[in-house]
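Overview (structure and organization)
Now for the letters of each chain:
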Amino acid sequence: MSTPGFSPRLWPTPERHARRGPTSAANHKRQTKETPTRRLIDANGIGLHVADDGPRDGPPVVFAHALGCDLRIWDGVLPHLPPGLRLIRYDSRGHGLSDCPAGPYAMGALVRDAEALLDALELRDAVFVGLSIGGLVAQGLAVKRLDLLRAIVLSCTAAKIGTPALWQERIEMVKSGGPGALLDGLMPRWFTKGFRDGPEARMARNMVARQPAEGYAGCCAAISGTDFYTPTSGLRLPCLGIAASEDGSTPPDLVRETIDLIPGARFELMRRAGHMAPVEQPEAFAALLSEFLRDIGHV
């Protein structure tokens, strides 16, 4: 049971990892013996904050977070993944500890950020896991640089999200009141009712509220101008789509519509989870991702 103000899932501790059985013990050993590398990498002319865990020669898996978040949203997922992977998470431009250039941003810039990051780390045959706007980046990167990727995982995302009018309204709210002005509307879409009263959801609220307004608004502009229906329909690579039954931002039917654009792509539905499925149900999310990695021979 979680104690108030502490989240073992969003920010897990070694002690908790050690109680999870043989697989988690192996992950715990890997993480404690190989100190995670957190650094600022110059990519596409800006500094991107990166967490690089696991053996440097392990099969790479790259994680891109949702709008208004940072790389910590994946913390609860990592301990449940197979050992031996190289796990790379990064803060998008204008988020977390990455640089925040003046906005607005274009989706092409976010894709170039990811491309430059993978090139800087000399990664090839990576599996790119994107949540929400991170899923848009995954689609754009796969279209532009298929040579970098072995597969993509599109979670709680779509080829087109929302309308320009919706995103312009959010931009104006953020510019006048900061990202915190959006929280009352975000939380019901992000988390199920029972979960959003707990400490993990409270910490997510704090995370959003503390993001730079310039970065949040800049990424809103990037989403507003993105329609990947045609380019995504031309993709030919392994793809896993993950939707959440209670997602109020990218409902399951919208996610499935995008996944159906890619021949052979697999669609999975997580029950009793909202838009931030990796935070609300990290073990279930990791189980789907792990099965996919094994099926494509990545582990």
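Look above for the structure.
Summarised in this report is the structure supplied together with it.

Scoring rules and cut-offs
Residues numbered from 1 in each chain as written. Predicted model: local features only at pLDDT ≥ 70, side-chain atom pairs only at ≥ 80, totals over all residues. Heavy atoms only, no water. Core = buried A, V, L, I, M, F, W, Y, C linked by side-chain atoms within 4.5 Å. Buried < 20%, exposed > 50% of the residue type's maximum accessible area, 1.4 Å probe, protein only. Helix = DSSP H or I, 4+ residues; strand = E, 2+ residues; numbered from the N terminus. Salt bridge = Lys/Arg side-chain N within 4 Å of Asp/Glu carboxyl O. 1 Å grid on protein atoms, 1.4 Å probe; cavity = no way out; pocket = protein on both sides within 12 Å on 5 of 7 lines; lining within 4 Å. Points joined across faces, edges and corners; volume = space filled by probe spheres on them. Nonpolar A, V, L, I, M, F, W, Y, C, P; charged D, E, K, R; others polar. Phe/Tyr/Trp six-rings, centres within 6.5 Å; stacked < 30°, edge-to-face > 60°. Lys NZ or Arg CZ within 6 Å of the ring centre and 35° of its normal.

**Focus: the nonpolar core**
Membership of the largest hydrophobic core comes to 96 residues, with the highest contact counts inside it found for Tyr-90, Phe-128, Leu-149 and Ile-152. If you tally residues by element for this core, the top one is helix H3 (residues 107-120), at seven residues.

**A look at the pattern of salt bridges**
As enumerated under the stated definition, the model contains 13 salt bridges in all. For Asp-70, the salt bridge identified is with Arg-72, shortest N-O distance 2.7 Å. The exposure class assigned to Asp-70 is buried, which follows from its relative accessible area of 5%. Since its relative accessible area comes to 30%, Arg-72 is described here as partly exposed.

**As for empty space enclosed by the protein**
Tallied over the entire structure, the rule returns two cavities of 30 Å³ or more. The calculated volume of the largest cavity comes to roughly 40 Å³. Lining the largest cavity are Ala-64, His-65, Tyr-90, Ser-92, Leu-110, Ile-133, Gly-134 and Val-137. Looking at which element gives the most residues to the lining of the largest cavity, the answer is helix H4 (residues 133-144), with three residues. In terms of residue class, the lining of the largest cavity is made up of five nonpolar, three polar and no charged. What the second largest cavity holds in volume is close to 30 Å³. Of the residues belonging to the lining of the second largest cavity, the class tally is three nonpolar, one polar and two charged.

**A closer look at the packing of aromatic side chains**
Taken as a whole, this structure holds four aromatic pairs when the rule is applied. Taking 5.8 Å as the distance between ring centres and 55° as the angle between the ring planes, the aromatic pair formed by Trp-74 and Phe-285 counts as tilted. Pair noted here: Trp-74 is in the loop between strand S3 (60-64) and strand S4 (86-90) and Phe-285 is in helix H12 (residues 282-295), with a separation of 211 residues, a long-range link. Of the two residues examined, Trp-74 and Phe-285, each falls in the buried class. Between the aromatic rings of Trp-190 and Phe-191, the centroid separation amounts to 6.3 Å while the plane-to-plane angle is 85°, which identifies the pairing as edge-to-face. Exposure class is identical for Trp-190 and Phe-191. Each is buried. In this structure an aromatic cluster arises from ring pairing among Phe-63, Trp-74 and Phe-285. Taking the ring centre of Tyr-105 as reference, the NZ or CZ of Arg-93 above it sits at 5.3 Å. Above the plane of the ring of Trp-167 lies Arg-170, whose end atom (NZ or CZ) is 4.7 Å from the centre.

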